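Listed below, chain by chain, are the residues.
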Amino acid sequence: MNRLPVEKRARILQMQCEGSSMRSISRRADVSLNTVNKLLMDAGTACSAFHDATVRNVKSERVQCDEIWSFAYAKAKNVASAKAAPIGSGDVWTWTAIDAESKLILSWLVGDRDASAANAFIADLKPRLASPVQLTTDGHRAYLHAVSQEFGPDGVGYGMLVKLYGSDPQPKKRYSPAKLIGIDKDLILGSPDMAHISTSVERQNLTMRMSMRRFTRLTNAFSKKVVNHYHALSLYFVWYNFVRSHKSLKGSTPAMAAGLVSSPLEMSDIVTLIDQREGPAKKRGPYKVKQKSPVELR
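Since the model is a prediction, treat every value here as computed from it, not as a measurement.

About the criteria used
- Residues numbered from 1 in each chain as written.
- Predicted model: local features only at pLDDT ≥ 70, side-chain atom pairs only at ≥ 80, totals over all residues.
- Heavy atoms only, no water.
- Pairing = 2+ DSSP bridges.
- Helix = DSSP H or I, 4+ residues; strand = E, 2+ residues; numbered from the N terminus.
- Axes fitted to C-alpha atoms, helices over the stretch in contact; angles between N-to-C directions.
- Contact = heavy atoms within 4.5 Å.
- Buried < 20%, exposed > 50% of the residue type's maximum accessible area, 1.4 Å probe, protein only.
- Parallel < 35°, antiparallel > 145°, perpendicular 65-115°, else oblique.
- Nonpolar A, V, L, I, M, F, W, Y, C, P; charged D, E, K, R; others polar.

A. Here's a closer look at the sheet that holds strand β5 (residues 156-165). The 6 strands are arranged β3-β2-β1-β4-β5-β6 in an open sheet whose pairing can be described as mixed. Each edge of the open sheet carries a strand with a single partner, namely β3 (105-111) and β6 (180-189). On average, each strand axis in the sheet is inclined to that of its neighbour by 20°, with strand direction left out of account. For strand β4 (residues 133-137) and β5, the ladder comprises 5 bridges, and the chain directions are parallel. When the sheet's bridge partners are listed, Val 133 is paired in β5 with Val 156.

B. Here's a closer look at the environment of Leu 161. Tracing the sequence through the fold places Leu 161 in strand β5. Residues Leu 161 and Leu 33, 128 residues apart in the sequence, show an inter-C-alpha distance of 43 Å. Residues within four places of Leu 161 in sequence aside, it is in contact with Thr 136, Thr 137, Asp 138, Gly 139, Ile 183, Asp 184, Lys 185, Ile 197, Ser 198 and Thr 199.

C. Spatial organisation of the pairing of strand β1 (residues 62-72). When you tally the buried positions in β1, you get 10 out of 11 residues, the bulk of the element. Sheet topology note: the β1/strand β2 (residues 90-99) ladder contains 10 bridges and is antiparallel. The residue of β2 that forms the bridge with Cys 65 is Ala 97.

D. Fine view of the packing of helix α1 (residues 6-17) against helix α3 (residues 33-54). It is at 11 Å that the axes of α1 and α3 come closest, and there the two elements cross at 80°. Between α1 and α3, the crossing angle belongs to the class labelled roughly perpendicular. Together, Arg 9, Ile 12, Leu 13 and Gln 16 of α1 and Val 36, Leu 39, Leu 40 and Ala 43 of α3 make up the contact between the two elements. Per-class residue counts for the contact of α1 with α3 are 6 nonpolar, 1 polar and 1 charged.

Below, the structure written as structure tokens:
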């Protein structure tokens, strides 16, 4: 098995997290597109397991949840007419839960924007928390059953922040959202502090769109397969939580601010996670040339 040097693989992964496209990384790193894609898949698998095992028992007080839209291969309305659309094509929603103080991404999920996804998302979030928290979501109704089912009436202080938009005389021609005319804060469960019912997690959505080429609107850099979309997010959230320093945290990382680690990780540490999962490199066996049949030679 041939492996690129650790420094080169770390550089490729860093470019993935800084918004470079797969083909531009292939050109700049002088490697094949398949190499870049395989490294992303390996990193995504390793990072998913690392995040799941490490982001536990978080001492959080206020958590905010939101969903961000993207698509794989084609938008949902175009999948029926698309050629050879793979399984999972169409609209893809990424659910995120962020700690308001440390900016740590506690939990995330890739799926539809329905009740089933909401239930799975909240079920994954709850065991990661060390104590009851104040939870804020947007007005998406799927949260109501999911939160009450997982946390119960006394396990969370839950409030919804509902945005109110004005009417648009030409809704089919608009590109930006309709004008925001106000917000409505609803108390759902427990006794949340109304002053802290906020969805500033939406600022994290902008960071995602700026950091991952797959989320950039009006380009051809969108994910072609939903599995690659998942791997890219797995890598991104470990980079965001454990590697990237945040100015709002005075140069610390969210994982450090949350007390999960004492020092930031390096991209080379993610490469180490990959190698630990794969084990030592094995010697490549002899290459055998496939003999063509007489029919193929014609």
